[in-house]
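# Notes for the structure review
One-letter residues, chain by chain:
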Number of protein chains: 2
Amino acid sequence: MKIYRYEALENELREQLLNGRYRNGERLPSIRTLCADYGVSKATVLHALHRLESDQWVVAQPKSGYFVQLPTIKSPKPNKVDTPVAPAPVTVPAIFRDIMGRSAAFDILPADGFAESSQHLVLLNRLISRRLRTHPEQKANYYDEPAGKIGLREALTELYRQRLLNTTPEEICITSGCQHALFLALMATCKRGDTVAVESPAFYGVLQIMEQLELNIIEISADAEMGLDVTELAEKISRWPIKACVVSPNFGTPTGSQMPLASRQRLLQLALQHQFYVIEDDIYGDLAFGSESPAPLKALDEHQQVILCGSFSKSLSRDLRIGWIMGAALQDKLVQLKLITQLASPQAVQGGLAQFIAEGHYRRYVAQYKQRLREQRDQLLYELKQHWGDKISYSQPKGGLCLWVELPAHIDTQISYQGLLEQGVVLTPGVLFSAHGLYHNYLRISFSQPLTTRRRAALHQLFQALL
Amino acid sequence: MKIYRYEALENELREQLLNGRYRNGERLPSIRTLCADYGVSKATVLHALHRLESDQWVVAQPKSGYFVQLPTIKSPKPNKVDTPVAPAPVTVPAIFRDIMGRSAAFDILPADGFAESSQHLVLLNRLISRRLRTHPEQKANYYDEPAGKIGLREALTELYRQRLLNTTPEEICITSGCQHALFLALMATCKRGDTVAVESPAFYGVLQIMEQLELNIIEISADAEMGLDVTELAEKISRWPIKACVVSPNFGTPTGSQMPLASRQRLLQLALQHQFYVIEDDIYGDLAFGSESPAPLKALDEHQQVILCGSFSKSLSRDLRIGWIMGAALQDKLVQLKLITQLASPQAVQGGLAQFIAEGHYRRYVAQYKQRLREQRDQLLYELKQHWGDKISYSQPKGGLCLWVELPAHIDTQISYQGLLEQGVVLTPGVLFSAHGLYHNYLRISFSQPLTTRRRAALHQLFQALL
C-alpha cells in the first residue's frame, strides 16, 4: 500500500503528540522548520497539519502557527458505590493472589519491558555498590540498627520537611517496603476480630493483610476526586466501633484521589473522638503532578494518631525493598514488630539511598519522573476518550500512577481477565479493590509505563474485550 | 619493666597458639628454625619452650620436637533443666528487645569490630553490583517472582542436594532472612491461642514471634549434645495437643547440639501420629565442623510435615537479608504470606548470590569459615577451662556459633548484664532462652569472632563480673 508523504508526516506528528513530545498548548515548529526537518514541500506539511487540525489534535492561530490542543477530557468521573453497612470478615478471592503475584499489576503489557533511560538508577546503584565495597566485613557481621540506618532516616526527615511534616529520625523506622509497613501498622493497632475502616475502592494489599490477621472490614465509599467520604465514616463508626482507618490521602490506588483539607481535619477529629488510629498510606505522596508535593495527613497529626507508611517502590525502584513507618505513639511497638518479622534491612542499600537523597538526586529524578507520568496520563486519557467517548467514566488524577475506570453496569471486567492474560495483556479488574465484590464493572489502568506502540495495541485489545 | 627475651618469645608463641596458628597435635617449628626466625639463641628458645611445656601448651616428644597440645576439655556438659508441664502464654521481658536490638548479640565486644580478610564478600558484592548495573530499569519497574528468583532457588536446591535433601526450586520460597521465615511458618501453622512445643533452651527470636502471635508454649528440655528430648515431648503432647514444634536439629543456638538420627525419626513419627508440623530452624546447618554438612531433618520428611527455615545470615553475611522457607504441604500459603508481609526481595542480591553459589565460591568460603570457627571454638574452650576449671559446665558443639555455659546455681547472669554493658561488654544471659524465666545461671558465649587481645580482655571482665 502506497503511503503518501503527507500521510507519513501526519503519522509521525501524531506519534509525537501521543508520546508527549509536545505539551498541551505548545506551539508546533514552524512550517518552514517542518519542511527542512522532514525534507518535504510546504504543501505536504500544510496537508498534514490540516488533517491533524480536522481531527482536533492541533489548532491553527492566524499569524502564530499551529498549537497542540489535546482533546479536552470532560468525561464524567466514576460513581461512588453504596457500600455495606455492617463490618464483615475479609475473604480474598484467588484472583487477588494471581494479580498480586504478577509483577505486572501496574503494566498492561509486561512483555514490552521498559525502554526509558534510567540514569538515576545507574547512579543510585553506583552509590549502593560503593557502600557494598566499603568495609563489607563490618556489614556481614553485624545487623543494622533496629530502626534502620540513621543516615537514611535523616534524609527522610528532610524530604518530609519539604512536605511540611516536621519529624525527627527517631520517629521513623525503616521497613522492607510499604506493604511491610502496612502489615506492621495493622498488627500493632488491631487484634483478631477487630474492625477496621478502609476507603472503598481499597488497595488490595491491605485487604489481604486484613484477611490474614482476621480483621473485620467496614468499607467507606471514596470519591474519585475527594477520596474518603468522612460523613459516611462518621455514620458507620457511630454504630460499629473501629480500631483503625486506612486511607491514602494523596493519589492512592486505584482512584488517584486527593482528600481536601477539610476532610482530613474532620477525619482526625473523628479519630480523636472515637479513639482509633489512622493508617496513612503515603506511597504516592511524592508523585503529585504539580510542582509541590502535598503535605501528608500526618502533618496535621497533633494527637499521635496517624501512622504513616511509605516506600521508594513507586517513586524510585521496586527492587530496593525499602520503606518506612512513622508510628506515632506506637513507634516502640512497631520497631519491635519489625525486628520480629524481619530483623533488619540491608545497610549498603540504606547508605546508598541516603547519599542519593542528600545529594539532591532523588528530588531531581522525581521532578522528571512526575513530568513523564503526567504526559503518560494525558496520553492514556486521550486514548480512552478516543475509543470510549462518553460511554465510560474515569478519574483524572493529579498524581500517582493510575486511572479508575467505570464501564456500563452490565459489564463484568473480571470475565475478560483470563482471556486477555492468554494474549499477554494484564487487566486489573475492579473487584480486586473491595472485600465485598463491589466494582464488577470497574477497572484500574496504570499510566506508569510509556504508551508504546505495542502497549497502545494492548490497550485496544483490552477495549475490544470489554466493550 | 624488663621483658626477657625468652618471655617475649613465650608470649609470642602463646599468642600464636591461642590464635589458632597451629592446630592441636601439630609440630612446632624446629628449635633451629625458631632461633633463626626470632634471632635468639638456642638457650632462649629452649627456655621459652620449657615454660610452655610446664603450662601444658606443648608436649616434647624425644627426637621429634615439640607438639601443640591444647588442654583437653573434659568439663561436664550443662544440665538439662526441668521445664513446666502445662502450656503457657509467652511474655518476653524487656531485656530481650534490648539484646535483640543490639547487632552485638553474637559478639561480646562489638567495639572491636572485625579485622579478618573478607575477600569472599568483596567478590560477592562485585557480583551483586554487576547485577545492579545490568538493566537497572527492569528491576526498578517490576517486582520479583512471588517465590523469589528461580536462579537462586536452583542454587539452593543444589546446596541441599549435597546435604542429602532432594528438593526442587518449586518447593523453595525466598524470604527476608530466617527470622522472617520462622514468622511465616508460625503464622501459617497456628492461630492465636494454639500451643507450640519449643526446645528449651530456645532461640529467643522464636519466643518473640510467639508472644506477638499470642501462642502458648510448651518448653521441652533439650540436651546440650543431643538436642530435643523426644520422650519428654511425647509425654507432654499426649496431655497437651500442639500445632507445631520448633527445633534446630543441627547446631542451634544456644547449645549447638545435634539431634541423633533416632530422635529425628521419633520426632517425625510423633508429628505424623499427633498431626503437627515440625518447624526446622536450619540456619546453622552449613556450619558443621566436620567436612560434611549433616542432612537437615527435612531430608527424612516423607509426609510433608517439616517446614524448613534457613538463611545466609550466619554462614555468609547478615546484611544480605536473604533467607528461605520450604513449606511442605503449606507452600502456597507461605508464598502468599510472604507477599502479604513484604512482597518481594531485591533481585540483584538474589542474582548475585545465585552466581556466587553456582560458581563454587559459597562452598569454598564456608569450608574456610568453618575451619576458623572451629579454631575460635577451641580458643574459647581453652579460656573457659583456664579461668573457671571445673567450677562450670559448658557445651562443646560440633558446629554453629555458640557455647552454652552453666554456672553454679546461686549466680544470676542477668544481674551483670547492665554493668558489663556500660563497659562495652555484651553478655547474653540464659533467661533469654526461655519463656518461663529458666536458666538464670546460664549464659551463651559466641565464638563467631576471633579472640583478639581486646576480646580476651573483655572475656576476663565477664568472668570477673560473674564469679
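Computed from a predicted structure; not experimentally measured.

## A closer look at the confidence of the model for chain A
Averaged over all residues, the pLDDT of chain A is 87; the fraction at 70 or higher stands at 92%. We note a pTM of 0.81 for the whole complex and an ipTM of 0.76 for its interfaces.

## Some words on the pairing of strand β6 (residues 216-223) of chain B
Residues and elements named next belong to chain B. With 8 of its 8 residues buried, β6 lies for the most part within the structure. Side chains Asn216, Ile218, Ile220 and Ala222 of β6 all project onto a buried face; the interleaved residues Ile217, Glu219, Ser221 and Asp223 project onto the opposite face, where all are buried too. Where strand β3 (residues 88-89) and β6 come together, 2 bridges link them in antiparallel fashion. Bridge pairing in β6 places Ala88 opposite Ile217. Sheet topology note: the strand β5 (residues 195-200)/β6 ladder contains 6 bridges and is parallel. Across the sheet, Val198 pairs through a bridge with Glu219, a residue of β6.

## Some details on the side chain of Ser448(A)
Residue and element names in this part refer to chain A. Among the structural elements, Ser448 can be located in the loop between β15 (442-446) and α16 (453-466). Judged by its relative accessible area of 3%, Ser448 falls in the buried class. A polar contact of 3.4 Å, which involves the side chain of Ser448, links it to the side chain of Gln449.

## As for the pattern of salt bridges
Within the structure shown, the criterion is met by 28 salt bridges over all chains. Across the salt bridge formed by Asp378(A) and Arg377(A), the nearest N and O atoms sit 3.2 Å from each other. Using a relative accessible area of 27% as the deciding quantity, one classes Asp378(A) as partly exposed. Exposure remark for Arg377(A): the relative accessible area of 13% places this residue in the buried category. Between Lys80(B) and Asp229(B) there is a salt bridge whose closest N-O contact spans 2.6 Å.

## Structural notes on the layout of surface pockets
Approximately 480 Å³ is the volume found for the largest pocket. Residue lining of the largest pocket: 23 residues in total, with Met187(A), Leu213(A), Gln212(B), Leu213(B) and Glu214(B) positioned closest to the centre. Listed by contribution, the elements that provide at least two residues to the lining of the largest pocket are α8 (178-189) and α12 (331-342) of chain A together with α8 (178-189) and α9 (204-212) of chain B. Ranked by residues supplied to the lining of the largest pocket, first place goes to α8(A) with 4 residues. Its residues assigned to classes, the lining of the largest pocket comprises 11 nonpolar, 4 polar and 8 charged. The volume enclosed by the second largest pocket comes to roughly 370 Å³.

## Here we look at the packing of aromatic side chains
Any two aromatic rings considered together are summarised by their centre-to-centre distance and by the angle between their planes. The final tally for this structure, using the stated rule, is 27 aromatic pairs over all chains. An angle of 50 degrees between the planes, with centres 5.2 Å apart, marks the rings of Phe203(B) and Tyr204(B) as tilted. As far as burial versus exposure is concerned, Phe203(B) and Tyr204(B) are alike and both buried. An aromatic cluster of at least three residues, connected via ring pairs, comprises Phe203(A), Tyr204(A), Trp404(A), Phe433(A), Tyr439(A) and Tyr442(A).

## What about the sheet that holds strand β13 (residues 402-406) of chain A?
Residue and element names in this part refer to chain A. Strand order in this open sheet of 4 strands is β12-β13-β15-β14, and the pairing throughout is antiparallel. A strand with exactly one partner marks an edge of an open sheet, and here the two such strands are β12 (393-394) and β14 (428-429). Sheet analysis places β14 next to β15, joined by 2 bridges and oriented antiparallel. Paired with Thr428 across the bridge in β15 is Arg444.

## A look at the domain arrangement of chain A
Accessible area lost during the coming together of the parts is what is often quoted as the interface size. Partitioning chain A into domains gives domain 1 (5-68) and domain 2 (118-362). One C-alpha centre belongs to domain 1 of chain A, the other to domain 2 of chain A, and the line joining them spans 45 Å.

## Considerations on helix α9 (residues 204-212) of chain A
Residue and element names in this part refer to chain A. The element α9 is largely enclosed, with a buried count of 9 among its 9 residues. Turning to α9, its buried residues are Tyr204, Gly205, Val206, Leu207, Gln208, Ile209, Met210, Glu211 and Gln212. Glu214 lies just past α9 and shows a positive phi near 55 degrees.

## Describing the pairing of strand β5 (residues 195-200) of chain A
All names here are of chain A. Within β5, 6 of the 6 residues are buried, leaving the element largely enclosed by the surrounding structure. Because side chains alternate across β5, one face comprises the buried residues Thr195, Ala197 and Glu199, and the other comprises Val196, Val198 and Ser200, equally buried. Following the chain from β5 across α9 to the adjacent parallel strand β6 (residues 216-223), one finds a crossover that is right-handed. Where β5 meets strand β8 (residues 244-247), 3 bridges bridge the pair, whose relative direction is parallel. Counted as the bridge partner of Val198 is Val246 from β8.

Rules used in this analysis
Residues numbered from 1 in each chain as written. Chains lettered and ligands numbered in written order. Predicted model: local features only at pLDDT ≥ 70, side-chain atom pairs only at ≥ 80, totals over all residues. Heavy atoms only, no water. pLDDT = per-residue confidence, 0-100. Buried < 20%, exposed > 50% of the residue type's maximum accessible area, 1.4 Å probe, protein only. Helix = DSSP H or I, 4+ residues; strand = E, 2+ residues; numbered from the N terminus. Pairing = 2+ DSSP bridges. Polar contact = N/O pair within 3.5 Å; in protein donor to acceptor, adjacent residues only side chain to side chain. Salt bridge = Lys/Arg side-chain N within 4 Å of Asp/Glu carboxyl O. 1 Å grid on protein atoms, 1.4 Å probe; cavity = no way out; pocket = protein on both sides within 12 Å on 5 of 7 lines; lining within 4 Å. Points joined across faces, edges and corners; volume = space filled by probe spheres on them. Nonpolar A, V, L, I, M, F, W, Y, C, P; charged D, E, K, R; others polar. Phe/Tyr/Trp six-rings, centres within 6.5 Å; stacked < 30°, edge-to-face > 60°. Domains from an automatic or database assignment. Right-handed = clockwise from strand over helix to strand, strands pointing away.

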